Amino acid sequence: MLNFPENACFSRMKRKVIVIGAGITGMALAAFLAKEDFLVEIFEKHDQPGGRARRISTDQFSFDLGPQVIFLPEILEFFFNHFSHPEYLLPELERMDPSYRVFNNNSEVFDIPGEPKKMESFFMKYSPSGISNLNKYLERGRQDYAGITEKGDYFKGDSGPCSFLTKLFTTSHDTYVSKLFRDYHLVNLLQDHYPLVNQNIRDNSSLKFALNYSFLTRGVLYPKGGMQNLIHAFTRILDELNVPIHVSSPVESFDIIDDKVAGIITHGKNFHADYFVSAMDYRHTEQQLPKEYRNYSEYSWEPGDKTGSSFIFYLVIKKKLKNLAVNNIIYTRGLHKRPGVRDKSDLPVIHVTCPSKHNQQLAPEGMETLIIRTMVPTSIEDTGKIREHYFEKSIRWIEETSGESIQNHVIFKKTLAHTDFEVEFGTYQGLPFGWMNSQYSLNKKNKKMVNMKLQNLLYGEYPVLAGLGISSAVISGQVVAQELARIAGT
Ligand SMILES: Cc1cc2nc3c(=O)[nH]c(=O)nc-3n(C[C@H](O)[C@H](O)[C@H](O)COP(=O)(O)OP(=O)(O)OC[C@H]3O[C@@H](n4cnc5c(N)ncnc54)[C@H](O)[C@@H]3O)c2cc1C
């Protein structure tokens, strides 16, 4: 991982930084800065930290709103080691086995194993030279994986500014895979396993190799007790570093004096600092600035890719579901058709998570919590009727492929659509994954980390690696904290 500049000297007079947003990015960023001797405070709009990773609960059941699994756990391990103290340990990361269950249309059901030994058998089942080619693939993947986890070589990722030469000499991941494997179970696993995260990762070699290496060797992981425990672990680090999180404090505007941000306004009060980092959605931040201080014109945000949002249904089912695993994917059009977000048909893929199967505290005995995520275009109208259409259609698919009756046993239902994500998190066009879309709309150039007109304002939501969610947020926090330390130290 990256190091902070050795000669950065902050001890003369502590500089104050206000971080806006207590999602993973904001909390990671604040922790890195506080450790570097900045005085840091966080202002959060909601009444609890966690952002998209926070929990919603009733007195009987709970849902982790967004992320369900951790990819590239090494990034989180690095973060917690950096703040090593027995009190704020990373919660145990439990491996899912199977990693996920695949429902290939109505034609077959198979499990992607979580354990490496079972993974070998999976490869052998579908290819005579499965193990030797798997080893070849892993050997190749180890380099990119090490680049990211050991050397901090994040910028080779899909969203990073790959140099022309890097691109020229890097073999396409998907071509490499199709040379090693013919069987669609294996090809699909290596080329498209990302649906659990999102499906917008293009064929960028380094990122796909690294993600798959981690996935094949460590599996899909879940923090013991749920994402809530991960958020608690972050807040314990912040407590120890004396970083207050002011919850229920929405930042309404910036107070700008002489081309510098002098303060943020929340509930009509002005809070001053030397530096400000917005860890909210990039465009949302820009919209709170007068036009002349924005890095990008409204035109730049026009989406390049109209797909990529979701309708998400959170359900409680009054029975146990035997035929579903914790993570399930239904390919309604069949695996071999290479489904994904760029498949413009209606509902090509349905993600079904049954978190209570792994974490029984989430639902009362004899019941199950179920999260259904459908991929829809961001342009889709959000009406009760359209939500219901997708709900009915998804439930029908789940019942048909899994053989479980579900709809008659639903005792609780909450729906989140792109319009809710826009209101709740200020994400552009309500994209659950936020910056993915803006990255595309800016012609895949990296967005600027520092406001070009207000030199003491930085953006925490800095796209480093696409598709990694939580791990990416931690990396963003570190990269932006490092940049602020550099600016403040000079
Ligand atoms: C449905 C879904 C499933 C996902 N699944 C996974 C997964 O399985 N694995 C994975 O790794 N990742 C997953 N992700 C992605 C992951 O949740 C995000 O990448 C990560 O949580 C983003 O963190 P962040 O801090 O950058 O943004 P956020 O979590 O959005 O944090 C931004 C914070 O800013 C606050 N804020 C906004 N406006 C204001 C304001 N005006 N004033 C003050 N505060 C404000 C918000 O309340 C929020 O707390 C998923 C996301 C979603 C939505």
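Structural data are supplied above this passage.
These remarks concern the structure in this document. Position numbers for residues start from 1 in each chain and track the written sequence from start to end. For this predicted model, a pLDDT threshold of at least 70 governs which residues receive local features, and a threshold of 80 or more governs which side-chain atom pairs are given and counted, while totals over whole chains, interfaces and linings are taken from all residues. Heavy atoms throughout the structure, all of them, feed into the side-chain values; hydrogens and water do not.

To continue, consider the overall build of the chain. Each helix and strand in the chain was counted, giving 14 helices and 19 strands. The buried label goes to any residue with under 20% of its type's maximum accessible area, the exposed label to any with over 50%, and the partly exposed label to all in between, with areas taken from a 1.4 Å probe on protein chains only. By residue count, 61% of the 490 residues in the chain fall in the buried class. In the chain, the proportion of contacts linking residues at least 24 apart, taken out of those at least 6 apart, comes to 74%. In these tables, accessible area is a Shrake-Rupley quantity obtained with a 1.4 Å probe, and a residue counts as shielded only by the protein chains included in the view. For the chain, the exposed area adds up to about 19800 Å²; of that, 50% sits on carbon and sulfur atoms. Helix and strand assignments follow DSSP, with helices taken as H or I runs no shorter than four residues and strands as E runs no shorter than two, numbered in order from the N terminus. Should any heavy atoms of two residues lie within 4.5 Å, those residues are counted as being in contact.

So, about the site of the ligand. In the region of the ligand, 31 residues are neighbours, and Thr25, Glu44, Arg52, Val69 and Val251 sit closest. Taken by itself the ligand offers 1000 Å² of open surface, and the protein chains cover 96% of this. Any residue that is not Ala, Val, Leu, Ile, Met, Phe, Trp, Tyr, Cys, Pro, Asp, Glu, Lys or Arg is counted as polar, Gly included; the first ten are nonpolar and the last four charged. Partitioning the shell around the ligand into residue classes produces 16 nonpolar, 12 polar and 3 charged. One heavy atom within 4 Å of a molecule or strand is enough for the residue carrying it to be called near that molecule or strand.

What follows is about the pattern of salt bridges. Here, a salt bridge means any Lys or Arg side-chain nitrogen found within 4 Å of an Asp or Glu carboxyl oxygen. Within the structure shown, the criterion is met by 19 salt bridges. Linking Arg218 and Glu77 is a salt bridge whose minimum nitrogen-to-oxygen distance equals 2.8 Å. With a gap of 141 residues between them, Arg218 in helix 8 (residues 205-218) and Glu77 in helix 2 (residues 73-82) connect regions that are remote in the sequence. Judged by relative accessible area, which is 25%, Arg218 ranks as partly exposed. Assessed through its relative accessible area of 25%, Glu77 is described here as partly exposed. Linking Arg486 and Glu483 is a salt bridge whose minimum nitrogen-to-oxygen distance equals 2.7 Å. Placement of both Arg486 and Glu483 in helix 14 (residues 470-489) is noted, with a separation of 3 residues, approximately one turn of the helix. Salt bridges linked by common partners bring Glu74, Glu77 and Arg218 together as one network.

Membership of the largest hydrophobic core comes to 88 residues, with the highest contact counts inside it found for Phe79, Phe123, Leu216 and Phe234. Leave out the neighbours within four places in its chain, and Phe79 touches Ala28, Ala31, Phe32, Phe234, Ile237 and Val474. Among buried residues, those of type Ala, Val, Leu, Ile, Met, Phe, Trp, Tyr and Cys that are joined through side-chain atoms within 4.5 Å constitute a nonpolar core. By size, the runner-up hydrophobic cluster in this structure holds 23 residues, among which are Phe311, Val352, Val376 and Ala417.

This part covers empty space enclosed by the protein. We place a 1 Å grid over just the protein atoms. Points where a 1.4 Å probe fits but has no way out form a cavity, open points with protein on both sides within 12 Å along at least 5 of 7 lines form a pocket, and any residue with an atom within 4 Å of a point lines it. Grid points are joined across faces, edges and corners, and a volume is the space filled by probe spheres set on the points. In this structure the tally under the stated criterion is 2 cavities of 30 Å³ or more. By volume, the second largest cavity amounts to about 50 Å³. In this structure, the second largest cavity is lined by 10 residues; those nearest its centre are Val102, Phe110, Ile112, Asn188 and Leu189. Sorting the residues of the lining of the second largest cavity by element identifies strand 6 (100-104), strand 7 (108-112) and helix 7 (184-192) as the ones contributing at least two each. Here the residues of the lining of the second largest cavity sort into 7 nonpolar, 3 polar and no charged.

Summarising the element assignment, Asp144 is placed in helix 4 (residues 130-149). In this structure Asp144 comes out as buried when scored by relative accessible area, which is 10%. In contact with Asp144, other than residues within four places in its own chain, are Ser206, Phe209 and Ala210.

We now examine the packing of aromatic side chains. Any two rings among Phe, Tyr and Trp, with Trp reduced to its six-membered ring, count as a pair given centres within 6.5 Å; such a pair is stacked if its planes are under 30 degrees apart, edge-to-face if over 60, and tilted if neither. One pass over the full model with this rule turns up 24 aromatic pairs. Note on Phe63 and Phe412: the rings are 6.0 Å apart at their centroids and 20 degrees apart in plane angle, and the pair reads as stacked. Linking Phe63 in strand 4 (residues 62-64) with Phe412 in strand 18 (residues 410-416), this pair joins segments that are 349 residues apart in sequence. Take Phe412: its relative accessible area is 23%, and that puts it in the partly exposed class. Pairing Tyr176 with Phe209 gives two aromatic rings, centres 5.5 Å apart and planes at 75 degrees, and the pair type is edge-to-face. One end of the pair, Tyr176, is in helix 6 (residues 173-180); the other, Phe209, is in helix 8, and 33 residues separate them in sequence. Taking the ring centre of Phe83 as reference, the NZ or CZ of Lys35 above it sits at 5.4 Å. Definition used: whenever NZ (Lys) or CZ (Arg) falls within 6 Å of the ring centre and also within 35 degrees of the ring normal, the charge is taken to sit over that ring. The lysine or arginine in question, Lys413, covers the ring of Phe391, its NZ or CZ lying 3.9 Å from the ring centre.

In this section: the environment of Ser402. Its location among the elements puts Ser402 in helix 11 (residues 384-402). Excluding residues that lie within four positions of it along the chain, Ser402 makes contacts with Phe103, Asn323 and Leu324. Polar contact criterion, stated in full: a pair of N or O atoms within 3.5 Å, where within protein one must be able to donate a hydrogen and the other to accept it, and residues adjacent in sequence count only if both atoms are side-chain atoms. A polar contact of 3.2 Å, which involves the side chain of Ser402, links it to the backbone nitrogen of Glu404.

This brings us to the sheet that holds strand 6. What the 7 strands build is an open sheet, ordered 7-6-15-16-17-14-18; its pairing is mixed. Where the open sheet ends on each side, the last strands, each with one partner, are strand 7 and strand 18. This sheet shows a mean twist of 20 degrees between the axes of neighbouring strands, independent of strand direction. With 6 bridges connecting them, strand 14 (residues 309-317) and strand 18 associate as antiparallel partners. Within strand 18, the position partnered with Phe313 by the bridge is Thr415. Axis definition: a line fitted to C-alpha atoms, limited for helices to the stretch in contact. Angles are taken between N-to-C directions and run from 0 to 180 degrees. In the packing of helix 7 onto the sheet, the strands contacted are strand 6, strand 7 and strand 15 (327-331), and the crossing angle to strand 7 comes to about 55 degrees. For two strands to be treated as a pair, DSSP must find no fewer than two bridges joining them.

Moving on: the packing of helix 1 (residues 24-35) against helix 14. How two helices pack is summed up by the angle between their axes together with the distance between the axes. Relative to each other, helix 1 and helix 14 sit at 40 degrees, their axes nearing to 8 Å. Here helix 1 lies oblique to helix 14, going by the angle between them. Remark: the crossing between helix 1 and helix 14 carries right-handed chirality. Contacts between helix 1 and helix 14 involve Ile24, Thr25, Ala28, Leu29, Phe32 and Leu33 from the first element and Ile470, Ala473, Val474, Ser476, Gly477, Gln478, Val480, Ala481 and Leu484 from the second. The residue makeup of the contact of helix 1 with helix 14, split by class, is 11 nonpolar, 4 polar and no charged. Roughly parallel means an angle under 35 degrees; roughly antiparallel, over 145; roughly perpendicular, 65 to 115; everything else is oblique. Helix crossings are classified by the rotation of the near helix relative to the far one: an anticlockwise turn of less than a right angle makes the crossing left-handed, while a clockwise turn makes it right-handed.

Tracing the backbone shows Tyr428 in the loop between helix 12 (418-425) and helix 13 (435-441). According to the relative accessible area criterion, Tyr428 is buried, its value standing at 7%. Spatially, the C-alpha atom of Tyr428 lies 9.2 Å from that of His418, the residues being 10 residues apart in sequence.

Backbone-to-backbone hydrogen bonds join strands into a sheet, with any given pair of strands oriented parallel or antiparallel. Ordered in space as 9-2-1-13-19, the 5 strands form an open sheet in which the pairing is parallel. One side of each edge strand has no neighbouring strand; the edge strands of this open sheet are strand 9 (245-246) and strand 19 (457-459). Pairing geometry for strand 1 (residues 16-20) and strand 13 (residues 275-278), over 4 bridges, is parallel. Bridged to Val17 within strand 13 is Tyr275. Lying over the sheet, helix 1 contacts strand 1, strand 2 (39-43), strand 9 and strand 13, oriented at roughly 165 degrees with respect to strand 2.

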